[in-house]
Amino acid sequence: MPPVTYRLHAKKTMSAPDALLALLSALKWRLRFTVAKVLMTGNAAIGEAAIRAGCQCYFGYPITPQNELTEYMASNLSRRPGCTFIQAESEIAAINMVYGASVTGVRAMTSSSSPGISLKQEGISYMAACQLPGLIVNMSRGGPGLGSIAAAQSDYHQSTRGGGHGDYRTIVFGPSSVQELADLTHRAFELSDKYSIPAMILGDGMLGQMMEPVEFKHEAPAQLPVRANGLRGAKGRPSRFVRTFTSNPAELEELNWSLFRRYQLLQKNEVSCENYLTDDAQLIVTAFGIAARIAKGAINEARAAGLKVGLFRPITLFPFPQQQLKELAKNTKYFLDFEMNMGQMIDDVKLSLEGAGEVAFYGRPGGVIPTSTEFLRVITRLYYQKGLS
Amino acid sequence: MEKIFSRPKSLKKAVFHYCPGCGHSIIHRLCCEVIDELGIQDRTIGVPPPGCSVFAYYYFDVDMVESAHGRGAAVATGIKRALPESIVFTYQGDGDLSAIGTTETIHTANRGENITAIFINNAVYGMTGGQMAPTTMLGMKTTTSPFGREGKYEGYPIKMSEILGQVQGTCYIERVAVNSPANIRKAKKAIKKAFQCQLDGLGYSLVEILSPCPTNWKMSAIQSVKWVDEVMSKEFPLGVIKDTTGKKDVN
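These figures come from a predicted structure and were not determined experimentally.

A few words on empty space enclosed by the protein. Residues and elements named next belong to chain A. All chains considered together, the criterion is met by two cavities of 30 Å³ or more. Quantified by volume, the largest cavity comes out at close to 70 Å³. As for the largest cavity, its lining consists of A49, R52, A182, D183, H186, E215, F216, K217 and H218. If you list the elements that add at least two residues to the lining of the largest cavity, you get α2 (42–52) and α7 (178–195). Among the elements that line the lining of the largest cavity, the one with the most residues is α7, at three residues. Taken together, the residues of the lining of the largest cavity sort by class into three nonpolar, two polar and four charged.

All names here are of chain A. On strand β11 (residues 283–286), burial covers both faces: L283 and V285 on one face and I284 and T286 on the other are all buried. Strand direction decides the pairing type here: β11 and strand β12 (residues 309–314), joined by four bridges, are parallel. Residue pairing in the sheet places T286 in a bridge with F312 of β12. After leaving β11, the chain enters helix α10 (residues 289–304) and then returns to the sheet as β12, a path that is right-handed. For β11 and strand β14 (residues 334–339), the ladder comprises four bridges, and the chain directions are parallel.

Another aspect to go through is the domain arrangement of chain A. All names here are of chain A. On domain assignment, one finds that chain A holds domain 1 (35–215) and domain 2 (274–385). Each of domain 1 and domain 2 was reduced to a C-alpha centroid, and the two centroids are 27 Å apart. If you look at the interface, domain 1 gives 29 residues, while domain 2 gives 24 residues. Buried area between domain 1 and domain 2, summed over both chains or domains, comes out near 2,200 Å², and the portion from carbon and sulfur atoms is 54%. It is Q153, Y156 and S176 that lose the most area in domain 1 upon contact with domain 2, and together they represent 32% of the buried surface on that side. Inspection of the region where domain 1 meets domain 2 yields three salt bridges.

Let us look at unusual backbone geometry. All names here are of chain A. A cis geometry characterises the amide bond from T64 onward to P65, with omega recorded as 5 degrees. Of note, P65 is situated in the loop between β2 (55–60) and α3 (67–76). In the segment running from F318 into P319, the intervening peptide bond is cis, with an omega of 0 degrees. Examined against the element boundaries, P319 turns out to sit in the loop between β13 (316–318) and α11 (322–328). Of note in this structure, L277 is not a glycine but carries a positive phi near 55 degrees. Even without a glycine there, the phi angle at E354 is positive, about 45 degrees. Within the secondary structure layout, E354 lies in the loop between α12 (345–353) and β15 (358–363).

Before going further, it helps to examine the sheet that holds strand β7 (residues 199–204) of chain A. Residues and elements named next belong to chain A. If you walk across this open sheet you meet the seven strands as β3-β2-β4-β5-β7-β6-β13, and the pairing is mixed. Edge positions in the open sheet fall to β3 (84–87) and β13, since each of these has one partner strand only. Each strand of the sheet is rotated relative to its neighbour by a mean of 20 degrees, with strand direction disregarded. Pairing between strand β5 (residues 135–140) and β7: six bridges, direction parallel. Within the sheet, the bridge partner assigned to M139 lies in β7 and is G203. Against the sheet, α7 contacts β2, β4 (107–112), β5, β6 (171–173) and β7, and its axis sits at roughly 175 degrees relative to β6.

All names here are of chain A. Turning to its location among the elements, Y156 is positioned in helix α6 (residues 156–160). A residue is classified by how much of its surface remains accessible, and Y156, at 0% relative accessible area, is buried. Non-local contacts of Y156, meaning those with residues more than four positions away in its chain, are made with R161, L202, F288, L317, F320, Q344, M345 and D348.

As a further point, take the sheet that holds strand β4 (residues 116–121) of chain B. Pairing between the strands of a sheet comes from backbone hydrogen bonds, and it takes one of two forms, parallel or antiparallel. Read from one edge to the other, the open sheet built from eight strands follows the order β9(A)-β2(B)-β1(B)-β3(B)-β4(B)-β8(B)-β7(B)-β9(B), with strand pairing classed as mixed. Each edge of the open sheet carries a strand with a single partner, namely β9 (241–242) of chain A together with β9 (239–243) of chain B. Relative to strand β8 (residues 204–210) of chain B, strand β7 (residues 170–177) of chain B is paired through seven bridges, and the arrangement is parallel. Paired with I173(B) across the two strands is L206(B), which belongs to β8(B).

When pLDDT is averaged along chain A, the result is 94; 94% of the residues meet or exceed 70. Note that pLDDT drops below 50 for residues 1–11 of chain A; the model gives that stretch 27 contacts with residues more than four away or on any other chain.

To continue, consider the packing of aromatic side chains. Applying the stated criterion across every chain yields a total of 21 aromatic pairs over all chains. Judged by centre distance (5.8 Å) and plane angle (45 degrees), the rings of F245(A) and F55(B) are tilted. Here F245(A) is found in the loop between β9 and α9 (249–269), whereas its partner F55(B) is found in the loop between β1 (44–47) and β2 (63–65) on a different chain. Residue F245(A) is classed as partly exposed on the basis of its relative accessible area of 33%. On the accessibility criterion, F55(B) (12% relative accessible area) is buried. Pairing F60(B) with Y91(B) gives two aromatic rings, centres 6.3 Å apart and planes at 70 degrees, and the pair type is edge-to-face. Taken together, the positions of F60(B) in the loop between β1 and β2 and Y91(B) in strand β3 (residues 87–93) put the pair 31 residues apart, joining distant regions of the chain. As far as burial versus exposure is concerned, F60(B) and Y91(B) are alike and both buried.

So, how was this worked out
- Residues numbered from 1 in each chain as written.
- Chains lettered and ligands numbered in written order.
- Predicted model: local features only at pLDDT ≥ 70, side-chain atom pairs only at ≥ 80, totals over all residues.
- Heavy atoms only, no water.
- 1 Å grid on protein atoms, 1.4 Å probe; cavity = no way out; pocket = protein on both sides within 12 Å on 5 of 7 lines; lining within 4 Å.
- Points joined across faces, edges and corners; volume = space filled by probe spheres on them.
- Helix = DSSP H or I, 4+ residues; strand = E, 2+ residues; numbered from the N terminus.
- Nonpolar A, V, L, I, M, F, W, Y, C, P; charged D, E, K, R; others polar.
- Buried < 20%, exposed > 50% of the residue type's maximum accessible area, 1.4 Å probe, protein only.
- Pairing = 2+ DSSP bridges.
- Right-handed = clockwise from strand over helix to strand, strands pointing away.
- Domains from an automatic or database assignment.
- Contact = heavy atoms within 4.5 Å.
- Buried area = accessible area lost by both parts, 1.4 Å probe.
- Salt bridge = Lys/Arg side-chain N within 4 Å of Asp/Glu carboxyl O.
- Axes fitted to C-alpha atoms, helices over the stretch in contact; angles between N-to-C directions.
- pLDDT = per-residue confidence, 0-100.
- Phe/Tyr/Trp six-rings, centres within 6.5 Å; stacked < 30°, edge-to-face > 60°.

Right under this line is the structure:
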């Protein structure tokens, strides 16, 4: 264990009450995480992982099913020395606070669920334009409209295609367990900083609210990270500005090219995916997030019945693991895309396969959670229809 | 010979793009003079809006970050919370602060965020070509109130400074104008006091500035400064709206 002092990272000139608060917070921390694994909701795990990633600012607005994250930050981030938590007046305000905090070079985040994420799109577009890192968590729910509060995957298109106006993308992760939520929160901050592109975690209401054992692989940093290019006042250097508007289209074109080159680098260097029982599979299921968990259950049962079925699960949704998926088409041409929507990731599956495979689809939209037994029937039917053995 | 007047250090050597008779260039200068006098150039971060003053970062020699329309207060909140030792000001127009950004403004003020807002009220949307603003006078013709603004149809001129005066987190609110040398001097005092409030950590401070827009008012520069006196300041009376500082004057 690192020494207690690692939590006392704020100002050197700390007032006595602040120092006492910091000490209590450090003791609480040590008592809480003396064991390797703790049982937490997905939402709380993101909060804890973010704090350990050196997130200094959290801005949010209540919406189900992600409130546990906002509440976790209210309890655990708001009075930490040097850190800030604001329950904003709207999702729009929250994302713009992230924008403001990120401009100064610190790690900042916000979270919401589908309808709130729609409101944040303006700010995300501005962050993309200003090349500002930051983390946006979407614990998505059924839509369109106010929709339902049940888990759904209907925001795949919005998340992976930019979402707001203008020609941009965000780095998008699709975790499928509480452990992965924690791990990917850390990775999201790192990649977002590295490429100066906002990052998004696309979870869902079920992932956010279920509890699983989780192990945090990082300790909170002794010093909160600050990017060198942060805008912190023109002390000892000429003044700088960060802006999105230009009256020169050629300048904007250059920004678009710069972003595009980074998306290519992301595609080349940062994709991740999971191949589950794909080596001898004659039918490969493609699914992400919580749907992939359900699919795994069905695949295990199918395997027990002797059906050679595997799973391809993208972990980065943008960049999508195109090559890794196409590679699988060398062994089989039968794919079954499974999503909790009416078919959104299937576009990326087809684009990746470039016609090298047949892609069938099964989906349940609106917040309906399909069961693995239900999906097993779909697998079995397709398997025999295609004459696989 | 003694030099008694020169360009403020915080104002870049650039030619303003503003129309003749526009108030922006005067207000930019006043802000820069205040920043110089308070010695805060190296820790000031400005938040200019979309609109005619979107290019404020070409003129202010301080760090600046452009915000989306209406979101200046939220962006400034993010900056100030992440970097409490910085001096943060927003520069917002009437459409920005009292239409699309009403929510952000009121709640930022209500949290008592320790920032300063420079609020330019010229009764129209300038950059987009003179549409009706929430602050447009009754009877005033604009491109989107071509029959003259009628309260029951287009709504009434909104008085954000008075509204913000009711909000607990605000410490200092004053309405000034930049249509005469006397008013310009008062405006500078108000801006300085607002920044001083922030330096003293007193909470949200705002200076509303009635500013002529001859182009969109379809007047000459001389007519427009008279119009500020004769019409605009009747609807938007000049003076201190709220002051909890206990100080009359910082000069």
